[in-house]
Amino acid sequence: MAKRRKEQFDWEDEEQEEIIWVSKSEIKRDAEALKQLGEKLVNLTKTNLEKIPLEENILDAIALAQRLQKEAKRRQLQYIGKLLRQVDAEPIQEALDKIENKHNHQQALLHKLELLRDELIAKGDEALSNVLNDYPYADRQHLRNLIRAAQKEKAQNKPPKAYREIFQYLKELAIEE
């Protein structure tokens, strides 16, 4: 195949215009990213793995990698990366992000509920009206009794039973919503 000089390229020719030059480094970076995606897939539980749209051969390779150790596992991860290069990895990445984000979302919700509980105990009825605005189907009397019991426990240095019950009740309200 003869080399073409710069002057020989006909930029008006559509076939030559469509050529996209990709560097060797970029190809390697893409392959490494797919290998890391494969490693994340191997670290998932079986139930989470079922939520991801994977072909049967990739699922088999992941199942094998989960059983292997050390060097064999490293080689299997390389193979999974190679298999992922042959398929569209975008839906797989999106499903994985959704699973990881769900965990982060749950953590944020629990932190929010903890802050809400602490605010309820500190401010009492004033904070209770805010909670009832957020969760209109909450039982006002039950929450008020729990808050008073928690405040009493805190004042008397007793174990925080009502304190925990408030959190559980708020968690139930958040789940129902």
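Read on for a plain summary of the structure. (Residues numbered from 1 in each chain as written. Predicted model: local features only at pLDDT ≥ 70, side-chain atom pairs only at ≥ 80, totals over all residues. Heavy atoms only, no water.)

1. Considerations on the overall build of the protein
- From N to C terminus, the protein includes nine helices and zero strands.
- Secondary structure elements in the protein, listed N-terminal to C-terminal, are α-α-α-α-α-α-α-α-α.
- Relative to its full complement of 177 residues, the protein shows a buried share of 29%. (Helix = DSSP H or I, 4+ residues; strand = E, 2+ residues; numbered from the N terminus. Buried < 20%, exposed > 50% of the residue type's maximum accessible area, 1.4 Å probe, protein only.)

2. Structural notes on the nonpolar core
- If you look at the biggest cluster of nonpolar residues, it comprises 22 residues, and the most contacted ones within it are Leu-41, Ile-52 and Leu-84.
- Counting residues per element, the ones that place at least two in this core are helix H2 (24-42), helix H4 (56-67), helix H5 (70-85) and helix H6 (90-123).
- Setting aside anything within four residues of it in sequence, one finds Leu-41 in contact with Leu-49, Ile-52, Leu-54, Ile-62, Gln-66, Leu-84, Ile-92 and Leu-96. (Core = buried A, V, L, I, M, F, W, Y, C linked by side-chain atoms within 4.5 Å. Contact = heavy atoms within 4.5 Å.)

3. A short note on a nonpolar patch on the surface
- The grouping of Ile-20, Val-22 and Ile-27 at the surface amounts to a nonpolar patch, some 310 Å² of accessible area in total.
- Within the secondary structure, Val-22 sits in the loop between helix H1 (14-17) and H2.
- Residue classification places Val-22 among the partly exposed positions, given a relative accessible area of 42%. (Patch = residues over 30% accessible without salt bridge, like charges linked within 9 Å, V, L, I, M, F, W, Y side chains within 5 Å. Areas by Shrake-Rupley, 256 points an atom, 1.4 Å probe, with all protein chains shown as cover. Salt bridge = Lys/Arg side-chain N within 4 Å of Asp/Glu carboxyl O.)

4. Notes on the pattern of salt bridges
- Scanning the entire structure with this criterion turns up three salt bridges.
- Among the salt bridges present, the one from Lys-35 reaches Glu-32, with a minimum N-O distance of 3.7 Å. A residue pair is termed a helical-turn pair when its members lie 3 or 4 positions apart in one helix, as Lys-35 and Glu-32 do in helix H2 at three residues.
- The shortest N-O distance in the salt bridge between Arg-74 and Glu-71 comes to 2.6 Å. Taken together, the residues span about one helical turn, with Arg-74 and Glu-71 both in helix H5 at a distance of three residues.
- Among the residues examined, Arg-74 registers a relative accessible area of 41% and is labelled partly exposed.

5. What to know about a negative patch on the surface
- Together, Asp-88, Glu-90, Glu-94, Asp-97 and Glu-100 give the surface a local cluster of negative charge.
- Looking at where Glu-100 falls in the secondary structure, it is placed in helix H6. (Lys, Arg positive; Asp, Glu negative; His and termini not counted. Charge placed at Lys NZ, Arg CZ, Asp CG, Glu CD.)

6. Some details on the packing of aromatic side chains
- The tally for this structure, following the rule as stated, stands at zero aromatic pairs.
- The ring of Tyr-163 has Arg-117 lying over it, and the distance from NZ or CZ to the ring centre is 3.8 Å. (Phe/Tyr/Trp six-rings, centres within 6.5 Å; stacked < 30°, edge-to-face > 60°. Lys NZ or Arg CZ within 6 Å of the ring centre and 35° of its normal.)

7. With respect to the side chain of Gln-76
- Its location among the elements puts Gln-76 in helix H5.
- For Gln-76, the residues in contact, after removing those within four places along its chain, are Ala-61, Leu-64, Ala-65 and Leu-68.

8. Thoughts on the environment of Leu-116
- Within the secondary structure, Leu-116 is located in helix H6.
- Sequence separation between Leu-116 and Asn-130 is 14 residues; the distance between their C-alpha atoms is 9.6 Å.
- In this structure Leu-116 touches Val-131, Tyr-135 and Leu-170, once residues within four positions along its chain are discounted.

The values reported here are purely geometric and, on their own, carry no functional implication.
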